[in-house]
Amino acid sequence: MNILIVGLGTIAKKHIEALRLLNIEANLYALRSTKNPTNILGVKNIYSNEQLSIQFDFVIISNPTHLHYKIIKNFATHGTPLFIEKPFVHTLDNIDNLLKLVKKNNLITYVACNLRFHPCIIYLKNKLDFKFSKINEVNVYCGSYLPDWRPSKDFRATYSANKKMGGGVHLDLFHEFDYTTWLFGLPKKSKSVLRNVSSLNIDAFDYANYILEYDSFTTSIILNYFRKKPKREIEIVFEDKTWTIDLIHHTIKDDGIILFEASEFKIEDTYYLQLNYFINCLKQSKLPMNDIKESSEILKIVLKNEK
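Note that the structure is predicted; figures quoted are calculated from it, not measured.

Asks: What should I look at first to understand the environment of I252 in this one?
Replies: Along the chain, I252 turns up in strand β13 (residues 251-254). Among the residues examined, I252 registers a relative accessible area of 0% and is labelled buried. Residues I252 and G166 lie 86 residues apart in sequence; the distance between their C-alpha atoms is 32 Å.

What follows is the structure, encoded as structure tokens:
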């Protein structure tokens with residue numbers, strides 16, 4: 001396989017490691033923006049569109065979010081399948097034109113939300129049955145400390161901290177919206193509060209609070225960049241019990257009693273499982289889940305009240 005990577009940062013390196021674990025015969029290329037980049041063993045650097053005459057089996061788009069639109073648009077005419085880091089764009093501007101272009105060119109797209117491959121999320125996807133036990137309330141929470149995300153860099157210079165680069169906790173933690181709507185569907189109504197409340201001194205939002213209304217229950221999603229001790233949990237309040245899903249420690253508890261545990265699981269495994277899924281879809285000529293049309297419906301909720 002010939003695979004092109006656009007953007008060779010931290011996430012791209014995780015995808016490269018996952019590709020190596022898959023043990024497939026792959027030629028890896030990276031489209032670079034500078035003439036003296038850091039080299040990665042086994043990845044060939046290319047620098048211009050003229051060098052894109054190679055027939056690629058798919059493209060991994062993992063550069064900063066605000067650059068995705070242009071890259072997707074450029075590759076749409078090539079017909080090459082696209083594996084796009086979430087969120088696939090950072091603004092709703094021209095999103096309908098992009099969707100039309102993708103449809104016109106029959107472009108295969110997949111928006112990479114690796115938490116769909118977390119064993120706790122898969123367990124919920126397989127086990128949740130609204131007929132079995134009524135849900136009254138769902139609470140989703142994800143908080144961590146942005147300076148700890150990339151300790152070797154000035155966090156204020158990263159895309160996460162900069163609104164124009166597609167930063168902000170509501171976009172960075174898009175996973176929470178993705179798995180919530182994957183599990184429960186799209187809400188009937190939604191509203192949100194997006195703010196800067198911490199001393200991080202960044203222009204991107206560091207706090208987000210969303211309320212999603214479903215027919216018979218309500219979901220809250222709370223996200224932040226300033227929690228020193230990370231927490232990533234889902235609480236599902238049924239009429240007769242409460243499940244607590246800990247996505248950091250990979251457990252599901254039913255009123256405090258362990259219902260499910262993936263003790264050997266590592267979050268890095270999701271990158272391997274995700275790429276394995278996507279490549280198998282291509283081999284089997286099967287359309288992958290979570291294309292940009294599906295993901296755009298979630299993005300419209302996330303960005304609806306952004307100012």
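Asks: Help me understand the pairing of strand β1 (residues 2-6) in this model?
Replies: The side chains of a regular strand alternate, residue by residue, between the two faces of the sheet. Counting buried residues along β1, five of its five residues qualify, which places the element largely inside the surrounding structure. Burial along β1 is two-sided: the residues N2, L4 and V6 and I3 and I5 are all buried. Pairing of β1 with strand β2 (residues 27-31), which is carried by five bridges, proceeds in the parallel orientation. Residue pairing in the sheet places V6 in a bridge with L31 of β2. For the segment spanning β1, helix α1 (residues 10-22) and β2, crossover handedness is right-handed. Pairing analysis gives four bridges linking β1 to strand β4 (residues 58-61), with the strands arranged parallel. The partner of V6 across the bridge, within β4, is I61.

Asks: Would you explain the pattern of salt bridges in this entry?
Replies: Side chains that differ in charge, positive against negative, can pair when their charged atoms come close. Taken as a whole and judged by the stated rule, the model has five salt bridges. Between R116 and E294 there is a salt bridge, with the nearest N and O atoms lying 3.0 Å from each other. Taken together, the positions of R116 in the loop between β6 (109-112) and α4 (119-127) and E294 in helix α8 (residues 292-303) put the pair 178 residues apart, joining distant regions of the chain. Judged by relative accessible area, which is 2%, R116 ranks as buried. Judged by its relative accessible area of 33%, E294 is partly exposed. Put simply, K300 and E297 hold a salt bridge, and the shortest N to O gap is 3.6 Å. Remark: E297 and K300 occur in helix α8; sequence separation between them is three residues, near one turn of the helix. Owing to a relative accessible area of 32%, E297 belongs among the partly exposed residues under this scheme. Taken together, the shared-partner salt bridges connect R116, D178 and E294 into one network.

Each value, and the rule that gives it
- Residues numbered from 1 in each chain as written.
- Predicted model: local features only at pLDDT ≥ 70, side-chain atom pairs only at ≥ 80, totals over all residues.
- Heavy atoms only, no water.
- Helix = DSSP H or I, 4+ residues; strand = E, 2+ residues; numbered from the N terminus.
- Buried < 20%, exposed > 50% of the residue type's maximum accessible area, 1.4 Å probe, protein only.
- Pairing = 2+ DSSP bridges.
- Right-handed = clockwise from strand over helix to strand, strands pointing away.
- Salt bridge = Lys/Arg side-chain N within 4 Å of Asp/Glu carboxyl O.

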